[in-house]
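Listed below, chain by chain, are the residues.
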Amino acid sequence: MAKDKNGKELPKGIRQKADGRYEGRFRYEGKDYSVVDKSLTKCKKLFNDLRYEVENGLYAKQENITVESWFKTWIDEYKRPTVKRGTVTVYEGHYNCYIKKELGSKKLKSIRPEHIQKLYNDLHRSGFSRNTIELTGVVLSGMYKQAVKNKIIKDNPVQYATLPRSTSHEERRVMTLEEQQTFMKYVKDSYLADICEVALSTGMRSGELRGMCWKDIDFKNKIIHVNHSLNFNNKQHYLDTPKTITSKRDIPMLDNVYSILKRRKKQQAILRIRLGDQWQAKKGLEDLVFTSEFGYPMNRDRFRHDLNDIISVINQDGIKFQHITPHTFRHTFATRCIENGMSPQVLKTILGHSKLSMTMDLYSHVLPNIKADEMQKIANLF
């Protein structure tokens, strides 16, 4: 290990030159890099910063930094330590699906507003939703805002691009009361019967239902505490906090939900004993309410797939029944609530929406059906 002129040991990779200045040197992939400064403290910082930049593809030759390399640094150093694991998964998914192919190999500094605009327009022309395009913009803007802060670039080109005008979207799928009854008749002998009825009776999201734990159930006060959401990343399930701050909420249990959960808790306890080592509860997920037949976390894609199978059987029996997803249960629950006079403000808290406008925008399709009846309530005033 090198020493300074006073015999003091210097950090690995740093030496003192004849003129008294300190020099940090290292080799990476066959190339030599170095920094020099008269202050040992500053030299150490420059040395460590340079090494990090070189090893992460961010060496001061900033014109060579690609969108791909900066995205990886942005995710690992600025997002992963500060946001939910599920958010990181969404950002990575959007980058890989919608950004990487078009922009990933380009130099970060070479991206202009027209490149971002073309990406937006191409996604729009391909039929992607407004939400998908907006989230693509969120990822790009976050990357470039940080690059500006780090003085890698001078300006953020994303701010000058315009999101394409949204086209009138297809109305959200909501089951009629007759459809709801038909569906529950066909699902009653399936392992999905319980989760579907609880979904239709609470409006909980798919991840919230699949991530619900027994410790979240207050049987005494008949309340479900929505504290978790089941997510999947890197080939494993994990519990995360709900989607937003307001998503963490309490939902009163209807009598049918109370009965389902009481019966299910008893049946699950018996099944655990009967299966013994064959009960495949994953570490950290042993307390889940809804699982596979052997205790494994309920997979989101299997949930969707098995719903499709049930709809196929209904159609094969000559009953016209449109496609549904797990989110259809949430929309259907909210529709039934509004149809039966629930206050939108109360519904907002049950659904976990952050704004009342979100609740009203999502379920405005219900209002025309009850508008005439509501108007009659003030008829006597005139």
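A word on the confidence of the model for the protein chain
Confidence in the prediction of the protein chain, expressed as mean pLDDT, is 88, and 91% of residues score 70 or more. Taken element by element, the predicted model of the protein chain shows its lowest mean pLDDT in helix 14 (residues 367-376) (61) and its highest in strand 4 (residues 217-218) (97).

With respect to unusual backbone geometry
Both trends apply: most residues other than glycine have a negative phi, and most peptide bonds are in trans. With a phi angle near 50 degrees, glutamate 29 is a residue other than glycine that sits in the positive phi range. Structurally, the position occupied by glutamate 29 is in the loop between strand 2 (22-28) and strand 3 (31-37). Judged by relative accessible area, which is 69%, glutamate 29 ranks as exposed. Of note, the phi angle at lysine 222 is positive, near 55 degrees, even though the residue is not glycine. Mapping lysine 222 onto the fold places it in the loop between strand 4 and strand 5 (223-226). You can call lysine 222 partly exposed: its relative accessible area is 32%.

Looking at the pattern of salt bridges
Evaluated as defined, the whole model comprises 24 salt bridges. Residue arginine 80 is joined to aspartate 76 by a salt bridge in which the shortest nitrogen-to-oxygen separation is 2.9 Å. Of the charged contacts in the structure, one is a salt bridge between lysine 222 and aspartate 255, with a shortest N-O distance of 3.2 Å. With lysine 222 in the loop between strand 4 and strand 5 and aspartate 255 in helix 9 (residues 255-275), this pair connects stretches of sequence that are 33 residues apart. You can call aspartate 255 exposed: its relative accessible area is 55%.

A word on the pairing of strand 6 (residues 229-233)
Relative to strand 7 (residues 236-240), strand 6 runs antiparallel, the two being bridged by five bridges. Within the sheet, the bridge partner assigned to phenylalanine 232 lies in strand 7 and is histidine 237. What sits between strand 6 and strand 7 in their antiparallel hairpin is a turn of two residues, with asparagine 234 showing a positive phi close to 50 degrees.

A closer look at the packing of helix 7 (residues 193-202) against helix 9
A packed helix pair is summarised by two numbers, namely the angle formed by the two axes and the spacing between the axes. Running from N to C, helix 7 and helix 9 point in directions that differ by 150 degrees, and their axes come no closer than 10 Å. One way to sum up the angle between helix 7 and helix 9 is to call them roughly antiparallel. Helix 9 is crossed by helix 7, and the crossing has left-handed handedness. Side by side, helix 7 and helix 9 meet where Asp194, Glu197, Val198, Ser201 and Thr202 of the first sit next to Asn256, Val257, Ile260, Arg263 and Arg264 of the second.

Cut-offs and rules
- Residues numbered from 1 in each chain as written.
- Predicted model: local features only at pLDDT ≥ 70, side-chain atom pairs only at ≥ 80, totals over all residues.
- Heavy atoms only, no water.
- pLDDT = per-residue confidence, 0-100.
- Helix = DSSP H or I, 4+ residues; strand = E, 2+ residues; numbered from the N terminus.
- Buried < 20%, exposed > 50% of the residue type's maximum accessible area, 1.4 Å probe, protein only.
- Salt bridge = Lys/Arg side-chain N within 4 Å of Asp/Glu carboxyl O.
- Pairing = 2+ DSSP bridges.
- Axes fitted to C-alpha atoms, helices over the stretch in contact; angles between N-to-C directions.
- Parallel < 35°, antiparallel > 145°, perpendicular 65-115°, else oblique.
- Left-handed = near helix turned anticlockwise from the far one by under 90°.
- Contact = heavy atoms within 4.5 Å.

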